[in-house]
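Given next are the chains, with one letter for each unit.
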Amino acid sequence: MDKKIIEIVDIIDTSQVFTELSDAQSGGICVFVGTVREFTQGEEVVSLEFETYKKMAIKEMDKIASDAVEKWNLNKVIIRHAVGLKKVEEPVVVVGASSAHRDACFEACRYLIDTLKETVPIWKKEMFENKTVWVSAHP
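Please read these numbers as outputs of a predicted model, since none were measured by experiment.

Draft legend 1. Region of interest: a nonpolar patch on the surface. On the surface, Phe18, Ile29, Val31 and Val33 cluster together into a nonpolar patch covering about 320 Å² of accessible area. Of the residues forming the nonpolar patch, the biggest block, three residues, is contributed by strand S2 (residues 28-35). Inspection of the secondary structure puts Val33 in strand S2. On the basis of relative accessible area, Val33 is assigned to the partly exposed category, the value being 35%.

Laid out in structure tokens, this is it:
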């Protein structure tokens with residue numbers, strides 16, 4: 001059994017995450033779901049678009065997951081990010097961890113999302129009514 005689920009997908013189905021992280025040895029499961037919010041810096045968001053270099057993103061996500069498994073002795077970990085055009089309230093990223101105790105999975109979950117945002121080559125374009133803006137450097 002693999003402890004890690006690492007994916008770049010078109011659509012995120014959050015209904016499966018609990019089952020994917022469930023483990024008989026885990027007393028805690030922590031999940032973070034990032035979604036498209038309606039306003040950014042006072043401007044109404046129409047949608048977001050995500051692009052990635054998939055091979056490199058998967059490799060970096062796997063490294064982050066492996067580091068988390070080792071550091072917090074996790075039973076399972078998930079990192080799943082969506083690509084393509086996403087509307088307001090749509091999930092775009094889910095990270096989660098299961099472990100014997102809650103502190104480990106809370107800490108690991110925070111590490112997973114923060115490190116993903118810092119290091120994984122996924123680029124986000126915000127679309128507003130009258131403009132579009134790349135949030136991070138785009139290749």
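So that's the structure; there's more coming.
Draft legend 2. Region of the structure containing the nonpolar core. Met61, Leu74, Ile79, Val95, Leu112 and Val120 are the most contacted members of the largest nonpolar core, which has 32 residues in total. Elements represented by at least two residues in this core include exactly strand S1 (4-9), strand S4 (43-52), helix H2 (54-72), strand S5 (76-82), strand S7 (91-99), helix H3 (102-119) and strand S8 (122-128). Residue contacts for Met61: discarding those within four places in its chain leaves Ile6, Glu7, Ile8, Ile79, Arg80, His81, Leu116 and Val120. Core analysis: the second largest hydrophobic core is formed by seven residues, Ile12, Leu21, Ala82 and Val94 among them.

Draft legend 3. Inspection of the packing of aromatic side chains at higher detail. Under the defined criterion, the tally for this structure stands at one aromatic pair. Seen from their ring centres, Trp72 and Tyr111 are 5.3 Å apart, and the 50° between their planes marks the pair as tilted. Here Trp72 is found in helix H2, whereas its partner Tyr111 is found in helix H3, with 39 residues between them in sequence. In this structure, Lys131 packs its charged tip against the face of Phe128, placed 5.6 Å from the ring centre.

Draft legend 4. Summary view of H3. With 18 residues, H3 extends 26 Å between its outermost C-alpha atoms, agreeing within 8% with the 26 Å of an ideal straight helix rising 1.5 Å per residue. Along H3, the residues that are buried comprise Ala104, Cys105, Ala108, Cys109, Leu112, Ile113, Thr115 and Leu116.

The rules we used
Residues numbered from 1 in each chain as written. Predicted model: local features only at pLDDT ≥ 70, side-chain atom pairs only at ≥ 80, totals over all residues. Heavy atoms only, no water. Patch = residues over 30% accessible without salt bridge, like charges linked within 9 Å, V, L, I, M, F, W, Y side chains within 5 Å. Areas by Shrake-Rupley, 256 points an atom, 1.4 Å probe, with all protein chains shown as cover. Salt bridge = Lys/Arg side-chain N within 4 Å of Asp/Glu carboxyl O. Helix = DSSP H or I, 4+ residues; strand = E, 2+ residues; numbered from the N terminus. Buried < 20%, exposed > 50% of the residue type's maximum accessible area, 1.4 Å probe, protein only. Core = buried A, V, L, I, M, F, W, Y, C linked by side-chain atoms within 4.5 Å. Contact = heavy atoms within 4.5 Å. Phe/Tyr/Trp six-rings, centres within 6.5 Å; stacked < 30°, edge-to-face > 60°. Lys NZ or Arg CZ within 6 Å of the ring centre and 35° of its normal. Expected span 1.5 Å × (residues − 1).

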